[in-house]
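Descriptive structure summary
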Amino acid sequence: MHTNDLINSSSPYLLQHAHNPVNWVEWSEKAFEKAKQENKLVLISVGYSACHWCHVMERESFENEEVAALMNKYLVCIKVDREERPDVDQIYMNAVQLMTQQGGWPLNCFALPDGRPIFGGTYFRKDQWMNVIQQLWNTVQEDEKRVLEYAEKLTDGVINSELVKPVEVKQDFDPIQLENMIQIWKKNFDFDHGGNDRAPKFPMPNNYEFLLNYGVLKDDRTLIKHTHFTLHKMALGGIYDQIGGGFSRYSVDHQWKVPHFEKMLYDNGQLLSLYAKAYTHQNELLYKEVISQTIDWLFREMRHENKGFFSALDADSEGVEGKYYTWTKAELQEILKDDFQWFSEFYNVNAQGYWENEVYILLRNHRKEEWCRENNITLEEFNEKLKLAHQKLNEVRAKRIKPGLDDKQLTAWNAITIKGLADAGLALNNSFYIQAAVDAANWILEYQWDEKTSQLLRTRKDGVSKINGFLEDYANVIDAFITLYEATFDIKWLETANKLTDFTIQHFYDEDSKMFFFTDKDSKLITRKLEINDNVIPASNSIMARNLFKISKFYYLSKYEEMAKQMLSNIYSQISQYGSAYSNWGILALAMNTPFYEVAITGSKSKEQRAILGKEYIPNAIFAGGNKMNIPFLEDKNFSKESMFYVCENFTCQAPTDSIKETLKKLKA
């Protein structure tokens, strides 16, 4: 019956709304001009394709003729995919948080025709939503002066919130700040179920990378134990898809039992890195299985034929959350027959795994080795039984209606996944995973990067790449390419990372704050924001600061190290108060205040030697090598057929050795 302007969009989320009776339009200057000409307010409604409550509000309000008529009468309605336009989401989320002290999606913010926000919230019930629109319109008509004053005040709040004032650059970062950060953080640990003691629980991979890093470098056994305990609990819990692989976005409870079933590329890319690094520290079979099963899922369900990766899978199928992933006892009995008894015990098809409406979520209490010991069965036998059971269930699941796939490809999230694949390839000594990382990186070079200008594009769908990249894209691609260089010693990845760093400084760096804006200098939004706090994805500024630190080591660029120190100095006094929001900054601080090594591996077998070292947990080093002197760090090294290892600190190298054992001794001293 209805088709609006979103029918021409490339965003799966916007296309979901293309047949609403609401006259939705995409974000554009033209939309705001229309509001001025028609004397209407602007609604900026932000969501994403895998957002459950976005779907609920659409069904209740945006598909309703009566609600749509009211919206069309008073508003120019703009739909925004937050994954395509995180810059828009950032500003209006900030406004809603200032107004209501909370945020989330769907995000609904009302604005004047010049873009200044005046009111907003998240999910609204139908009657509440209609009442808000009518009252807001009446208020604007009756007291326009007060509305304009509020808009000015709120916009000033958005502009001035999260500002950073540069401080004097620290050359030494007092470790007491990190110690205080850890002590405060420990008070919030959930020692019964892992993670932090709250619900919902998000995986927060960067948090545990930092905690493991700190625990090892500072010999804090509590942190090491808690990190591994958390990784076990997540891998055994319902948040992990036990038969298909891949993690859901979060768990609604303390036990990691009931997931919010959407699967996001950025979570799984980061979790590959985390489990890979944890595996190098503690060779757990569970970690290896999580990595390989998750990569199998990525290749099976999330990979485009162009070798890049899609963005997300929805939580819902057939309008029911989790229907694709959950099971009734009767279904399992019919499919598994004689294998049901042991399977139901292993995966808790009992009161523990019960969810609702006679439906069960598969989750475990035991690692396989523990189960085999308790049940007097060999691991080989059990793996074969499990493989057959999984195969049967996956065949049945494949016939179900699948959750919606958000098939746009995002540059930043692909970069995160490239890093995850490279880390997994190193940890498991798996060249196939590293090649998959290379393939996805080449996807970025072919479709998302302009080699002449070094500009990145944000998104690609249906053969079209568009939207200028944000700092999140540049920072993550640089990070991924550095990681790929360290895994392959292919110089093109480091050279491209260096070019992208130059471009990022030219177009995003703020001379006033000495930080990086999220948007480039051509942004036309009401303000340019700084992303400082680490979240489910680390802050683009913390990633960029770590990039600068690493590139300074490869290229002997002291100005980059000074920039990284300046950025860390700017936030260092805040770091102790809320560790979870500064974990990636914490990793940089550890690199600054504990020994950090530059490792060169030369010779014709340098890649093979790198692969051997890749299986070791070495969080405090960068690696360069090959059989050519192609970067400044390698220029004074001796190149011969035989492999040599140089362990350096602050550009001062110890005597080279041809022994891996001796090299590891130096790195783990």
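Residues numbered from 1 in each chain as written. Predicted model: local features only at pLDDT ≥ 70, side-chain atom pairs only at ≥ 80, totals over all residues. Heavy atoms only, no water.

Quick look at the overall build of the chain
Here is the rule: Secondary structure elements are taken from DSSP: a helix is a run of H or I of four residues or more, a strand is a run of E of two residues or more, and numbering for both begins at the N terminus. Only the C-alpha atoms count toward the radius of gyration. The rule for a globule is 2.2 Å times the residue count to the power 0.38. Three exposure classes are used, based on accessible area relative to the maximum for each residue type with a 1.4 Å probe and protein chains only: buried under 20%, partly exposed in between, and exposed over 50%. Contacts were defined at the residue level, with two residues in contact if any of their heavy atoms lie within 4.5 Å. Here the Shrake-Rupley method, with its probe set to 1.4 Å, supplies the accessible areas, and only the displayed protein chains count as covering residues. Two residue types count as positive, namely Lys and Arg, and two as negative, namely Asp and Glu; His and chain ends fall outside the count. Think of each charge as sitting on NZ of Lys, CZ of Arg, CG of Asp or CD of Glu.
Helix and strand counts for the chain stand at 25 helices and 24 strands. Taking 669 residues into account, the globule formula puts the C-alpha radius of gyration at 26 Å, and the chain, at 26 Å, falls close to it. With respect to the three principal axes, the spread of C-alpha positions in the chain is 80 × 70 × 50 Å. Taking all 669 residues of the chain together, 61% fall into the buried category. Taking the intrachain contacts of the chain between residues at least 6 apart in sequence as the baseline, contacts between residues at least 24 apart amount to 69%. Carbon and sulfur atoms provide 47% of the accessible area of the chain, an area that totals close to 27,000 Å². Here the chain carries 77 positive and 94 negative side-chain charges, and the mean point of each set is 2 Å from the other.

What about the layout of surface pockets?
To keep things clear, this is the line we draw: Note on definitions: the grid is 1 Å and covers protein atoms alone; a cavity is a set of points where a 1.4 Å probe fits but cannot get out; a pocket is an open set with protein on both sides within 12 Å along at least five of seven lines; lining residues have an atom within 4 Å of a point. Grid points are joined across faces, edges and corners, and a volume is the space filled by probe spheres set on the points. We call Asp, Glu, Lys and Arg charged. Ala, Val, Leu, Ile, Met, Phe, Trp, Tyr, Cys and Pro are nonpolar, and the rest, Gly among them, are polar.
A volume near 750 Å³ is recorded for the second largest pocket. Lining of the second largest pocket is provided by 30 residues; of these, Trp27, Ser28, Arg85, Lys524 and Leu525 occupy positions nearest its centre. Contributing elements (two or more residues each) for the lining of the second largest pocket: α2 (29–38), β3 (75–81), α5 (86–100) and β18 (464–468). Considering every element that reaches the lining of the second largest pocket, the biggest residue donor is α2, with 4 residues. Class assignment for the residues of the lining of the second largest pocket results in 10 nonpolar, 6 polar and 14 charged.

As for empty space enclosed by the protein
Under the criterion given, the structure shown has 4 cavities of 30 Å³ or more. Taken as a whole, the largest cavity encloses approximately 600 Å³ of empty space. Along the wall of the largest cavity there are 34 residues; nearest its centre are Lys277, Asp423, Ile618, Pro619 and Ala621. Those elements giving two or more residues to the lining of the largest cavity turn out to be α9 (205–217), α11 (265–281), α17 (411–427), α19 (471–488), α21 (540–555), α23 (583–593), α24 (606–614) and β22 (621–626). Among the elements that make up the lining of the largest cavity, the one with the highest residue count is α9 (5 residues).

Side note on the pairing of β22
Put simply, the rule reads: Crossovers are described as right-handed under a simple rule: with the strands pointing away from the observer, the path leading from the first strand over the helix to the second runs clockwise.
Burial within β22 is extensive, with 6 of its 6 residues counted as buried. Across the two faces of β22 the burial is the same, with Ala621, Phe623 and Gly625 and Ile622, Ala624 and Gly626 all buried. For the handedness criterion, the β-α-β arrangement of strand β21 (residues 597–602), α24 and β22 is classed as right-handed.

What about the sheet that holds strand β24 (residues 652–653)?
The test is simple: Note: two strands are recorded as paired if DSSP finds a minimum of 2 bridges between them. What counts as an axis is a line fitted to C-alpha atoms, over the stretch in contact for a helix, and the angles between N-to-C directions run from 0 to 180 degrees.
With mixed pairing, 4 strands are arranged side by side in an open sheet as β22-β21-β23-β24. Here the strands that pair on one side only, and so sit at the sheet edges, are β22 and β24. Alignment of β21 against strand β23 (residues 644–649), held across 5 bridges, turns out to be antiparallel. What sits directly across from valine 599, in β23, is valine 647. Sheet strands in contact with α21 are β21 and β22, and its direction is about 40° off that of β22. In this fold helix α25 (residues 660–667) packs onto β21 and β23, with an angle of close to 10° to the strand it touches most, β23.

Regarding the nonpolar core
Threshold: Only buried residues count toward a nonpolar core. Its members are Ala, Val, Leu, Ile, Met, Phe, Trp, Tyr and Cys residues joined through side-chain atoms within 4.5 Å.
The biggest cluster of nonpolar side chains holds 188 residues, and the ones touching the most others in it are Met71 and Trp585. The element best represented in this core is α19, accounting for 11 residues. Methionine 71 has contacts with Val22, Trp24, Leu43, Phe62, Cys77, Trp129 and Ile133, leaving out every residue within four places of it along the chain. In this structure, Ala31, Ile91, Ala95 and Met99 belong to the second largest nonpolar core, which totals 23 residues.

Examining the state of the cysteines
Heads up, the rule is: By definition, disulfides here are pairs of cysteine sulfur atoms that lie within 2.5 Å.
The final tally for this structure, using the stated rule, is 2 disulfides. There is a disulfide in this structure between cysteine 51 and cysteine 54, and the S-S distance comes to 2.2 Å. The sign of the S-S torsion, about 80°, decides the handedness of the disulfide formed by cysteine 51 and cysteine 54: right-handed. Owing to a relative accessible area of 3%, cysteine 51 belongs among the buried residues under this scheme. Each sulfur in the disulfide pair cysteine 648 and cysteine 653 lies 2.0 Å from the other. Handedness here is read from the sign of the S-S torsion; for cysteine 648 and cysteine 653, about 90°, the answer is right-handed. Using a relative accessible area of 1% as the deciding quantity, one classes cysteine 648 as buried.

Comments concerning the environment of asparagine 8
Locating asparagine 8 in the fold gives a position in the segment before α1 (12–16). Of the residues examined, asparagine 8 reaches a relative accessible area of 67% and is grouped as exposed. C-alpha separation for the pair asparagine 8 and alanine 18, spaced 10 residues apart in sequence, amounts to 8.5 Å.

With respect to the packing of α19 against α21
Inclusion rule: Whether a crossing is left-handed or right-handed is set by the direction in which the near helix is turned from the far one by less than a right angle, anticlockwise for left-handed and clockwise for right-handed.
Running from N to C, α19 and α21 point in directions that differ by 40°, and their axes come no closer than 9 Å. The element α19 and its partner α21 pack so that their crossing is left-handed. Here Leu471, Glu472, Ala475, Asn476, Ile478, Asp479, Ile482, Tyr485 and Glu486 of α19 lie close against α21, whose contacting residues are Ser540, Asn541, Ile543, Met544, Asn547, Lys550, Ile551 and Phe554. Its residues placed into classes, the contact of α19 with α21 shows 9 nonpolar, 4 polar and 4 charged.

Here's the deal with α24
To keep things clear, this is the line we draw: This arc describes the spread of directions from the helix axis toward the C-beta atoms.
Taken residue by residue, α24 has Ser606, Gln609, Arg610, Leu613 and Gly614 as its buried positions. The buried residues of α24 occupy one face: seen down the axis, they fall within an arc of 145°.

Quick notes on the packing of α5 against helix α7 (residues 144–160)
When two helices pack together, their arrangement is given by the angle between the helix axes and by the axis-to-axis distance. What counts here: Put simply, angles under 35 degrees are roughly parallel, angles over 145 are roughly antiparallel, angles from 65 to 115 are roughly perpendicular, and the rest are oblique.
Packing of α5 against α7 brings their axes to within 9 Å, and their N-to-C directions diverge by 110°. In this view, α5 runs roughly perpendicular relative to α7, as classed from their interaxial angle. Judged by the twist between their axes, the crossing of α5 over α7 is right-handed. Counting all contacts with α5, which are made through Ile91, Asn94, Ala95, Leu98 and Met99, the residues of α7 involved are Tyr150, Leu154, Gly157 and Val158. Taken together, the residues of the contact of α5 with α7 break down into 7 nonpolar, 2 polar and no charged.

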